[in-house]
Amino acid sequence: MRRIAVINQKGGVGKTTTTANLGAALALQGRRVVLVDMDAQANLSLSLDVTADSGAPSSYTVLLGEASFGAAVRQTGVPGLSLVPANIDLSGAEMELASAMGREFLLRDALAAWAEEEQKRSARAPADYVLFDCPPSLGLLSLNALAAAGEVLITLQTEFLALQGMSKLVEIVQLLRKRLNPELAITGILPCLYDSRLKLAREVLGEIRKYFPGQVLPQPIRSNVKLAEAPSYGKTIFEYAPGSNGADDYMKAAREILRGESRDSTLAGLPAFQEKYAPPPGALVTPAPRRVPPPRRAAAPKPAEPKPSAPKAVDVPAIGRPASAPTVPAPASAPERVPLRAEDLPPLPPEVFEILSRRGSFS
Ligand code: ADP
Ligand code: MG
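Calculation criteria
- Residues numbered from 1 in each chain as written.
- Chains lettered and ligands numbered in written order.
- Predicted model: local features only at pLDDT ≥ 70, side-chain atom pairs only at ≥ 80, totals over all residues.
- Heavy atoms only, no water.
- Core = buried A, V, L, I, M, F, W, Y, C linked by side-chain atoms within 4.5 Å.
- Buried < 20%, exposed > 50% of the residue type's maximum accessible area, 1.4 Å probe, protein only.
- Contact = heavy atoms within 4.5 Å.
- Phe/Tyr/Trp six-rings, centres within 6.5 Å; stacked < 30°, edge-to-face > 60°.
- Lys NZ or Arg CZ within 6 Å of the ring centre and 35° of its normal.
- Near = heavy atom within 4 Å.
- Polar contact = N/O pair within 3.5 Å; in protein donor to acceptor, adjacent residues only side chain to side chain.
- Areas by Shrake-Rupley, 256 points an atom, 1.4 Å probe, with all protein chains shown as cover.
- Helix = DSSP H or I, 4+ residues; strand = E, 2+ residues; numbered from the N terminus.
- Pairing = 2+ DSSP bridges.
- pLDDT = per-residue confidence, 0-100.
- Salt bridge = Lys/Arg side-chain N within 4 Å of Asp/Glu carboxyl O.

S.K.: Quick rundown of the nonpolar core? Include the residues and the values.
M.R.: Nonpolar side chains in soluble globular proteins tend to end up buried together. With 57 residues, the main nonpolar core has Phe69 and Phe132 as its most contacted residues. Among all residues touching phenylalanine 69, those that are not within four sequence positions of it are Val34, Val36, Val62, Val84, Leu107, Ala110, Leu111 and Trp114. Leu26, Ala254, Leu258 and Leu267 belong to the second-largest nonpolar core, a separate cluster that totals 38 residues.

S.K.: Go over the packing of aromatic side chains with me, naming the residues and quoting the values.
M.R.: In this structure the tally under the stated criterion is three aromatic pairs. Lying over the aromatic face of phenylalanine 273, arginine 255 brings its terminal NZ or CZ to 6.0 Å of the ring centre.

S.K.: Could you give an account of the site of ligand 1, naming the residues involved and the relevant values?
M.R.: Taken together, 17 residues form the shell around ligand 1, and within it Gly12, Lys15, Thr16, Thr17 and Asn224 come nearest. One of the backbone N or O atoms of glycine 12 is found 2.7 Å from an oxygen atom in ligand 1. Asparagine 224 has a polar backbone atom sitting 2.8 Å from a nitrogen atom of ligand 1. Relative to its free-state accessible area of 550 Å², ligand 1 is covered by the protein chains to the extent of 90%. Listed by contribution, the elements that provide at least two residues to the shell around ligand 1 are helix H1 (15-28) and helix H10 (225-229). Take the shell around ligand 1: its biggest share by element is three residues, from H1.

S.K.: Go over the pairing of strand S6 (residues 151-157), please, and point to the residues and values.
M.R.: Extensive coverage of S6 is indicated by the burial of seven of its seven residues. Burial along S6 is two-sided: Glu151, Leu153, Thr155 and Gln157 and Val152, Ile154 and Leu156, pointing in opposite directions, are all buried. Relative to S6, strand S1 (residues 2-7) is paired through four bridges, and the arrangement is parallel. Each residue of the ladder has a partner; that of isoleucine 7, found in S6, is isoleucine 154. One ladder, built from seven bridges, connects S6 with strand S7 (residues 185-192); its direction is parallel. Across the sheet, residue valine 152 finds its bridge partner in S7, namely isoleucine 186.

S.K.: Give me the lowdown on the confidence of the model for the chain, citing residues and values where you can.
M.R.: Confidence in the prediction of the chain, expressed as mean pLDDT, is 82, and 76% of residues score 70 or more. Every residue in residues 305-340 is under pLDDT 50, and counting partners more than four places away or in other chains gives 43 contacts.

S.K.: Help me get a handle on the pattern of salt bridges, residues and values and all.
M.R.: This structure, assessed with the given rule, holds 16 salt bridges. Across the pair glutamate 183 and arginine 3 runs a salt bridge, and its minimum N-O distance is 3.5 Å. With a gap of 180 residues between them, glutamate 183 in the loop between helix H8 (166-179) and S7 and arginine 3 in strand S1 connect regions that are remote in the sequence. A salt bridge links aspartate 128 to arginine 32, with the nearest nitrogen and oxygen atoms 3.0 Å apart. On the criterion of sequence distance, the pair formed by aspartate 128 in the loop between helix H6 (106-122) and strand S5 (129-133) and arginine 32 in the loop between H1 and strand S2 (33-37) is long-range, its members being 96 residues apart. The exposure class assigned to aspartate 128 is buried, which follows from its relative accessible area of 6%.

Next up, the structure:
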């Protein structure tokens, strides 16, 4: 059973979108996948239209020991894809658990107890993959996910300062390896919300690949408005827009993740990656729009269709981002950005390279 924490302490870098759609891609490749929503904003749960009322089994009640992990697992609309939902109660967990014994291990132990019980009952692991969607901070909830995980997938946005904070994140992973979880490995870095029309995005992607040679998944997740729209229908991209770039990119990410299966003996014998994945007939239905627009999301702005010849792609707004928090710093009127040079980026500690070089390479 591979356990992967999708993490970055920044918000809006594609963690939740990746957890939902990478999870769905893995499920469409025949894997049994359980997602765990560890963010009190419950974006993942809402994205997949699985909600838990206060008091109902959720990641919060699992952490508190009020529900078993298995009791909180719920089926989603995608065959093979289930979810432990979150709700706003989780926002109190960090405080409530501050003095609990072994507070970093609550999720790990709950997951292990479920896996052991199911193993006894059915003589196999209850899932092939568990993916944890982490909140945008490195607090107790993220630590619980990192202690329960065997691997880390870092999503980042190809924006200026994308690497800022990476050294902190890698330091934390290193500390966790020493103190909590010696097996924790960095599986890869997945650039998200990538717009190849932006010179800045191309430059940042180049820098990331330079800093982390061989660790960046080869296909970045391109900015694709379908990915921003799908959650408001409670659907994954494979149900909402199976022919989109978003579906394509996440399936390619799944292919890279599947490559790592050889390192996990429990996954031996699973079928190889299928270029033409085929959900069971009728399994994925074209969704009807929700009757009531979900309050949590502003309508995604309709992006300008990319024109191959458009010379000034810098004017295209970042898709799916709140207008109040632009991530691409230059205003539309600025014709050229400050060139991004490696020297301007914060230095990364040597351990970064040491940690990353221990794992297989994507290149
Ligand atoms: P995080 O979980 O890191 O905060 P999200 O996955 O919620 O980030 O993404 C932030 C916003 O960007 C969401 O509105 C989401 O729908 C949108 N988004 C994420 N990835 C893409 C993409 N590749 N293309 C377009 N919009 C995206
Ligand atoms: Mg999120």
